[in-house]
Amino acid sequence: MNIANIDNLGNVHPDTFWWHYNLGNVRKRAFSEIWQDMSDPLMAGLKARPRKVKGRCGECSYFDICGGNTRVRAYQLTGDPWAEDPACYLNDDEIGARESRPRLSVTPYTRQRSANSL
């Protein structure tokens, strides 16, 4: 993992998409200590090579190229950062999956309009 995010309050996040997950604060602890600390299971998993991902990502023939991506989409939809990436655009044949399985369902956000706003 080569990208970190430090917000305006000094909170360190695994990358720019993990704003809801805090690894520490540079006002209280040196960034080098926070970034090298493997006691946090998410940080240890993100830095592991290879990452222990599940589902389609775990059997993908392109995994060595993408590394399972950022993992935040999987976490947001399933609560498990190691679940398959729901935004992967490759189909089962393209990734070399042994068997076809149902994919995570992703519903795009749509703004609900009230009867008064029509």
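Since this is a predicted model, take the numbers as computed values, not measurements. (Residues numbered from 1 in each chain as written. Predicted model: local features only at pLDDT ≥ 70, side-chain atom pairs only at ≥ 80, totals over all residues. Heavy atoms only, no water.)

### A look at the sheet that holds strand β3 (residues 24-25)
Part 1 of the reasoning: Within the open sheet, the three strands sit side by side as β1-β2-β3. Their pairing is antiparallel. Unpaired on one side and paired on the other, β1 (5-6) and β3 mark the two borders of the sheet.
Part 2 of the reasoning: For strand β2 (residues 11-13) and β3, the ladder comprises two bridges, and the chain directions are antiparallel. The residue bridging N11 from the neighbouring strand is N25, located in β3. (Pairing = 2+ DSSP bridges. Helix = DSSP H or I, 4+ residues; strand = E, 2+ residues; numbered from the N terminus.)

### Quick notes on the nonpolar core
Part 1 of the reasoning: In this structure, L23 and W35 are the most contacted members of the largest nonpolar core, which totals 18 residues.
Part 2 of the reasoning: The set of elements that each furnish at least two residues to this core consists of α1 (31-36) and α2 (41-47).
Part 3 of the reasoning: Among the elements that make up this core, the one with the highest residue count is α2 (three residues).
Part 4 of the reasoning: Contact partners of W35, with chain neighbours within four places excluded, come to M1, I3, A4, V12, H13, P14, L23, M43 and K47. (Core = buried A, V, L, I, M, F, W, Y, C linked by side-chain atoms within 4.5 Å. Buried < 20%, exposed > 50% of the residue type's maximum accessible area, 1.4 Å probe, protein only. Contact = heavy atoms within 4.5 Å.)

### Some details on the packing of aromatic side chains
Part 1 of the reasoning: Counted under the stated rule, the structure contains three aromatic pairs.
Part 2 of the reasoning: A ring pair is formed by W18 and Y75, whose centres lie 5.5 Å apart and whose planes are at 45°; its orientation type is tilted. With W18 in the loop between β2 and β3 and Y75 in helix α5 (residues 72-78), this residue pair connects regions lying 57 residues apart in the sequence.
Part 3 of the reasoning: Residue Y75 is classed as partly exposed on the basis of its relative accessible area, which comes to 28%.
Part 4 of the reasoning: Between F31 and W35, the aromatic rings sit 5.6 Å apart at their centres with planes inclined by 20°, giving stacked as the arrangement. Linking F31 with W35, this pair stays in helix α1, spanning four residues, or about one helical turn.
Part 5 of the reasoning: A relative accessible area of 31% means that F31 is categorised as partly exposed.
Part 6 of the reasoning: Among the aromatic side chains, those forming a connected cluster through ring pairs are W18, Y21 and Y75. (Phe/Tyr/Trp six-rings, centres within 6.5 Å; stacked < 30°, edge-to-face > 60°.)

### Topic: the state of the cysteines
Part 1 of the reasoning: Using the criterion set out here, one finds zero disulfides in the structure.
Part 2 of the reasoning: Looking at the unpaired C57, the closest cysteine sulfur is the one in C88, lying at 6.1 Å.
Part 3 of the reasoning: Left without a disulfide partner, C66 is nearest to the cysteine sulfur of C60, which lies 6.0 Å away.
Part 4 of the reasoning: The exposure class of C66 is partly exposed, given its relative accessible area of 47%. (Disulfide = S-S within 2.5 Å.)

By themselves, these are just geometric observations and shouldn't be taken as functional.
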